[in-house]
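Okay, here's what each chain looks like letter by letter:
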Amino acid sequence: MPYHKYTGLQVSLLLKYTLFIFNILFWLVGIALLGVTFWAWSEKGVLNIQSISDLNGFDPVWILLVVGIMCFILGCTGCIGALRENICLLKFFSVVISGILMVELAAGLLGFVFQDWLKSKVQSFIKDNIQAYRDDIDLQNLIDTVQRYMQCCGAIDPEDWNNNIYFNCSTTNLSRERCGVPFSCCHPDPAQMVVNTQCGYDIRNMKKKEQESVIFLKGCIQAFEDWIPPNIYLVAGIFLGIACLQMFSIYLARSLISDIQRVQSTWRH
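Keep in mind that what you see is a predicted model, and the values were worked out from it rather than measured.

1. Let's talk about the overall build of the protein
Part 1: Looking only at helices and strands, the protein has nine helices and zero strands in total.
Part 2: In the protein, the succession of helices and strands from N to C terminus is α-α-α-α-α-α-α-α-α.
Part 3: By the compact-globule yardstick of 18 Å for 269 residues, the protein is too spread out, its C-alpha radius of gyration being 26 Å.
Part 4: With respect to the principal axes defined by its C-alpha atoms, the protein has extents near 95 × 40 × 40 Å.
Part 5: Counting every position in the protein, which comprises 269 residues, the buried fraction comes to 34%.

Printed below as a string of structure tokens:
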């Protein structure tokens with residue numbers, strides 16, 4: 001039986017399956033993030049819209065939800081578009097990725113130009129969430145992690161904790177944490193095997209010199225501003241890496257679209 005080899009135009013299998021595998025990873029990441037989101041809400045006993053909206057302060061789980069949904073949708077459209085050679089899905093994928101990239105660049109540029117405005121908004125955001133510190137375990141863990149890692153306390157200084165009903169110094173506050181700060185504001189003690197969660201009790205009743213030996217007096221906004229210069233290459237590398245992944249995915253999608261269109265153009269003849 002004679003063997004006939006097809007020599008006409010074909011869609012690049014390398015482009016097709018590279019984009020497919022690339023988006024399988026997107027899809028799996030999206031599923032994982034959505035799974036973590038619903039697990040976190042179930043642990044907090046908030047699995048309906050009403051109870052979720054009743055949470056005070058910023059819930060970090062929303063970040064996982066938004067990123068998870070985006071990864072899931074983009075992963076699905078990219079996988080199906082590449083596997084089925086569907087131009088509409090591939091165009092949707094490339095346009096959305098391009099839009100996200102443009103938003104990131106615009107946000108970075110505006111943040112650099114309007115630094116003072118951004119700083120004031122971040123300050124207000126942190127103070128608002130300090131009020132809800134005890135209301136959401138995920139928010140509490142996030143604030144504690146930031147304060148421990150950045151070695152800071154409050155937005156501007158430890159006095160910001162006066163905005164929280166458990167830590168304020170009012171005479172009506174009967175909490176044992178009155179005029180204190182969370183343990184994450186305290187200097188770590190390498191000799192202690194167990195974290196002393198009471199190290200910040202009554203600390204704001206003391207003089208600044210006494211406070212300085214126990215807690216961090218620098219606010220987290222100032223600590224972040226001090227952290228940026230020595231780590232500028234790390235920050236730039238992370239953003240550049242994310243941008244390169246996005247541009248690579250756009251390149252794969254647009255190249256595959258061009259291949260498909262070139263093959264489809266021969267069908268008319």
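2. Some thoughts on the state of the cysteines
Part 1: Per the counting criterion, the structure on display carries four disulfides.
Part 2: With its sulfur 2.1 Å from that of its partner, C153 forms a disulfide with C185. A torsion of 85° about the S-S bond marks the disulfide between C153 and C185 as right-handed. Taken together, the residues C153 in the loop between helix 6 (137-150) and helix 7 (208-212) and C185 in the loop between helix 6 and helix 7 connect sequence positions 32 residues apart. Here the two residues C153 and C185 agree in accessibility, since each one is buried.

3. A short note on the side chain of R204
Part 1: Looking at the secondary structure, you find R204 in the loop between helix 6 and helix 7.
Part 2: Taking relative accessible area as the criterion, R204 reaches 8% and is therefore assigned buried.
Part 3: Ignoring sequence-local partners within four residues, the contact set of R204 consists of P158, E159, W161, N162, F167, N168, C169, C179, G180, V181 and Q211.

4. Describing the confidence of the model for the protein
Part 1: Averaged over the protein, the pLDDT score is 85; the fraction of residues at 70 or greater is 91%.
Part 2: Contacts of residues 1-7 to residues separated by more than four positions or lying in other chains number zero contacts, the stretch itself having pLDDT below 50.

5. Quick look at the packing of aromatic side chains
Part 1: This model, assessed by the stated rule, comprises seven aromatic pairs.
Part 2: Consider the rings of F22 and F248, whose centres lie 5.9 Å apart with planes at 85°: the pair is edge-to-face. Of this pair, F22 sits in helix 1 (residues 13-43) while F248 sits in helix 9 (residues 232-265), and the two are 226 residues apart along the sequence.
Part 3: Ring centres of F224 and W227 lie 6.1 Å apart, and the angle between their planes is 20°; on these two criteria the pair is classed as stacked. Of this pair, F224 and W227 are both found in helix 8 (residues 220-227), three residues apart, which corresponds to roughly one turn of the helix.
Part 4: Accessibility expressed as a relative area gives 22% for W227, which makes it partly exposed.
Part 5: Grouping aromatic residues by their ring pairs yields a cluster made of F22, F26 and F248.

6. Concerning the UniProt feature "transmembrane region" (unreviewed entry) in the protein
Part 1: UniProt's entry tags residues 20-41, 61-83, 90-114 and 232-253 with the feature "transmembrane region" (unreviewed entry), counted in the numbering of this structure.
Part 2: Overall, residues 20-41 shows 100% helix and 0% strand. The separation of its end C-alpha atoms is 32 Å.

How each quantity is defined
Residues numbered from 1 in each chain as written. Predicted model: local features only at pLDDT ≥ 70, side-chain atom pairs only at ≥ 80, totals over all residues. Heavy atoms only, no water. Helix = DSSP H or I, 4+ residues; strand = E, 2+ residues; numbered from the N terminus. Rg over C-alpha atoms; globule rule 2.2 N^0.38 Å. Buried < 20%, exposed > 50% of the residue type's maximum accessible area, 1.4 Å probe, protein only. Disulfide = S-S within 2.5 Å. Contact = heavy atoms within 4.5 Å. pLDDT = per-residue confidence, 0-100. Phe/Tyr/Trp six-rings, centres within 6.5 Å; stacked < 30°, edge-to-face > 60°. UniProt positions renumbered as here; feature names shortened; annotations may be inferred.

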